[in-house]
Structure formats: C-alpha cells, structure tokens
Amino acid sequence: LVNNFTLIPVAGLVDSLRFAADESFRSHQIYCQWDWMTATGEAVTASCGLPISPTKPLGFDGTYNYLVVAGGLLEETRDPPAELLELLRRTHDANVPIIALCSGSFVLGKAGLLDGKRCAVHFTIREEFSERFPLAKPVVDKSYARDGNVITCPGGTAIDLAADIITRHCGRIRAHKGLEYLLVEKGDGAPAKKD
C-alpha cells in the first residue's frame with residue numbers, strides 16, 4: 001500500500017477475495033490469502049483518511065501468486081522508494097504477475113515494467129502518464145488491462161478484475177460467490193470491459 005492509496009479499488013479486490021476465500025461467512029483465508037505491506041513497514045493512510053497497518057514487512061518470498069501495488073494520490077506515486085522499485089523488478093524477473101491499482105501504474109512505470117506494454121490508466125492522468133512513460137501504451141476505456149505478467153486497473157471497484165483472478169485460480173463458482181455477496185450484477189458472468 002502506497003501512502004494515500006485509493007481505498008475503493010483495494011476494498012473491492014480484497015473483499016472479493018475474502019468472500020471467495022472461505023466456505024462460510026467467517027472471512028477465513030482458506031482458498032485465498034493476502035498480506036498488507038508498506039514500503040516503510042509503518043502504517044499508511046488511505047486518501048480518505050483510514051489508516052492501515054502492514055501485516056508483513058515489505059518483501060517477496062516466492063509464496064505469492066501476485067503482488068499488488070495500490071496507488072492513489074499522485075504526489076505519493078510519482079517518486080516511489082528505491083527499495084519498492086527493486087522489489088517490483090525482482091518480482092517481475094521471477095515471472096510473478098504484478099497488479100497496479102489506481103496510480104500504481106506510475107510506480108510500475110518508474111520501475112521500467114510498462115515499456116512496450118498496454119496499461120489501463122484513469123482518463124484524468126493519461127496525459128501526465130504518457131509524458132512520463134512514453135514507451136508505455138495507455139488505454140482509458142478499460143476497467144483493467146493484462147499485458148503479460150503486468151495487470152493495470154485504473155481504479156473503480158476492481159471487482160471485475162478480482163472476479164477474473166478468482167476464476168483463474170479458484171474457479172467460476174468461487175468468483176460467482178463474491179459477485180453475488182457484493183451485489184454485483186453479473187450478466188453472463190463474464191467480467192466487464194476486460195482487456
């Protein structure tokens with residue numbers, strides 16, 4: 001979590017995982033697990049003012065299926081800490097998918113992980129993003145984009161991204177459970193505006 005991260009995409013992603021993770025409604029991490037990390041090891045505050053403490057020091061021990069960078073206010077993501085950038089490069093080199101939420105795409109861009117890749121960015125930051133990372137290929141009409149092992153989500157609820165990830169790893173029934181309990185209209189069950 002980057003300081004001043006945007007809460008709603010993080011909440012949408014993790015609550016979807018939470019519903020898929022348990023066989024009942026106790027929020028046990030059986031089928032899906034997650035940890036909270038920050039670059040400093042200290043608590044960070046969401047852009048809405050909610051403080052979140054890390055549950056584990058920043059690092060990657062090879063046991064994760066994904067690493068998620070939760071961005072938010074641009075002043076926090078334009079110049080991320082060097083140790084975070086190095087962790088992202090090592091994770092990418094280990095062929096582990098990395099997800100950028102909201103302005104987390106700026107962090108991935110700074111790490112050099114978006115060169116030549118399509119990435120979904122919010123329309124309000126497209127111009128600055130393109131200036132800073134001219135080798136990236138930003139799109140603004142998708143709720144998320146997957147290009148190789150890099151997944152970018154410009155914000156919103158990130159529930160459709162979560163449903164795709166849960167379907168890939170836990171099956172369609174677990175993904176459907178999350179959508180149902182979060183009261184998301186499923187239509188044909190396919191994630192919306194996936195790229």
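Look a little higher up for the structure.
Everything numeric here is computed off the predicted structure, so don't read it as measured data. (Residues numbered from 1 in each chain as written. Predicted model: local features only at pLDDT ≥ 70, side-chain atom pairs only at ≥ 80, totals over all residues. Heavy atoms only, no water.)

Student: What am I meant to see in the pairing of strand 8 (residues 150–153) here?
Tutor: Here strand 8 shows no split at all, with Val-150 and Thr-152 on one side and Ile-151 and Cys-153 on the other all buried. Sheet topology places strand 4 (residues 98–101) next to strand 8; 4 bridges connect them, and they run parallel. Bridge pairing in strand 8 links Ile-99 to Ile-151. As judged from the 3 bridges shared by strand 7 (residues 145–147) and strand 8, these two strands associate in the antiparallel manner. (Buried < 20%, exposed > 50% of the residue type's maximum accessible area, 1.4 Å probe, protein only. Helix = DSSP H or I, 4+ residues; strand = E, 2+ residues; numbered from the N terminus. Pairing = 2+ DSSP bridges.)

Student: Teacher, can you tell me more about the sheet that holds strand 3 (residues 67–70) here?
Tutor: What holds strands together in a sheet is hydrogen bonding between their backbones, with the strands either parallel or antiparallel. Read across the sheet, 4 strands follow the order 3-4-8-7 without closing on themselves; strand pairing throughout is mixed. One side of each edge strand has no neighbouring strand; the edge strands of this open sheet are strand 3 and strand 7. Across the sheet, the axes of successive neighbouring strands diverge by a mean angle of 15°, strand direction being ignored. Here strand 3 runs beside strand 4; their pairing, made up of 4 bridges, is parallel. Each bridged residue has a counterpart across the sheet, and for Val-68 the counterpart in strand 4 is Ile-99. Strand contacts of helix 3 (residues 82–93): strand 3, strand 4 and strand 8, with the helix running at about 145° to strand 3, the strand carrying the most contacts. (Axes fitted to C-alpha atoms, helices over the stretch in contact; angles between N-to-C directions. Contact = heavy atoms within 4.5 Å.)

Student: Before we go on, may I ask you to explain the packing of aromatic side chains in this structure?
Tutor: Each aromatic ring pair is characterised by the separation of its centres together with the angle its planes make. Summed over the entire model, instances satisfying the criterion amount to 4 aromatic pairs. With a centroid separation of 5.8 Å and an interplanar angle of 80°, the aromatic rings of Phe-106 and Phe-133 are classed as edge-to-face. Of the two residues, Phe-106 sits in helix 4 (residues 104–110) while Phe-133 sits in the loop between helix 5 (126–132) and strand 6 (137–139), which places them 27 residues apart along the sequence. Here Phe-106 and Phe-133 have matching classes, each one buried. Judged by centre distance (5.1 Å) and plane angle (55°), the ring pair of Phe-129 and Phe-133 falls under tilted. Judged by its relative accessible area of 0%, Phe-129 falls in the buried class. Of the residues examined, Phe-133 reaches a relative accessible area of 11% and is grouped as buried. In this structure an aromatic cluster arises from ring pairing among Phe-106, Phe-129 and Phe-133. Of note, Arg-18 hangs over the ring of Phe-19, and the distance from its end group to the ring centre comes to 4.4 Å. (Phe/Tyr/Trp six-rings, centres within 6.5 Å; stacked < 30°, edge-to-face > 60°. Lys NZ or Arg CZ within 6 Å of the ring centre and 35° of its normal.)

Student: Explanation requested: the packing of helix 6 (residues 159–170) against helix 7 (residues 172–181) in the structure shown.
Tutor: In a pair of packed helices, the angle between the axes and the distance between the axes together describe the arrangement. Interhelical geometry of helix 6 versus helix 7 gives an angle of 155° and a closest axis separation of 7 Å. The orientation of helix 6 with respect to helix 7, classified from their angle, is roughly antiparallel. Seen along the crossing, helix 6 lies across helix 7 with a hand that is right-handed. Here helix 6 contributes Ile-159, Ala-163, Ile-166, Thr-167 and Cys-170 to the contact with helix 7, which in turn contributes Arg-172, Arg-174, Ala-175 and Leu-179. A class-by-class count of the residues in the contact of helix 6 with helix 7 yields 6 nonpolar, 1 polar and 2 charged. (Parallel < 35°, antiparallel > 145°, perpendicular 65-115°, else oblique. Left-handed = near helix turned anticlockwise from the far one by under 90°. Nonpolar A, V, L, I, M, F, W, Y, C, P; charged D, E, K, R; others polar.)

Student: Teacher, can you tell me more about the state of the cysteines here?
Tutor: Such a bond, covalent and formed between the sulfur atoms of two cysteines, is termed a disulfide. Tallied over the full model, the rule gives 0 disulfides. Distance from the sulfur of Cys-48, which forms no disulfide, to the nearest cysteine sulfur (Cys-102) is 12 Å. You can see Cys-119 has no disulfide; the closest cysteine sulfur is in Cys-153, sitting 12 Å from it. (Disulfide = S-S within 2.5 Å.)

Student: Help me understand unusual backbone geometry in this model?
Tutor: Trans is the common state for peptide bonds, and a negative phi is the common state for residues other than glycine. At Asn-95, a residue that is not glycine, the phi angle is positive and equals roughly 65°. Relative to the elements of secondary structure, Asn-95 occurs in the loop between helix 3 and strand 4. With a relative accessible area of 55%, Asn-95 lands in the exposed category. Unusually for a residue other than glycine, Cys-102 sits at a positive phi of about 55°. Looking at the secondary structure, you find Cys-102 in the loop between strand 4 and helix 4. Owing to a relative accessible area of 16%, Cys-102 belongs among the buried residues under this scheme.

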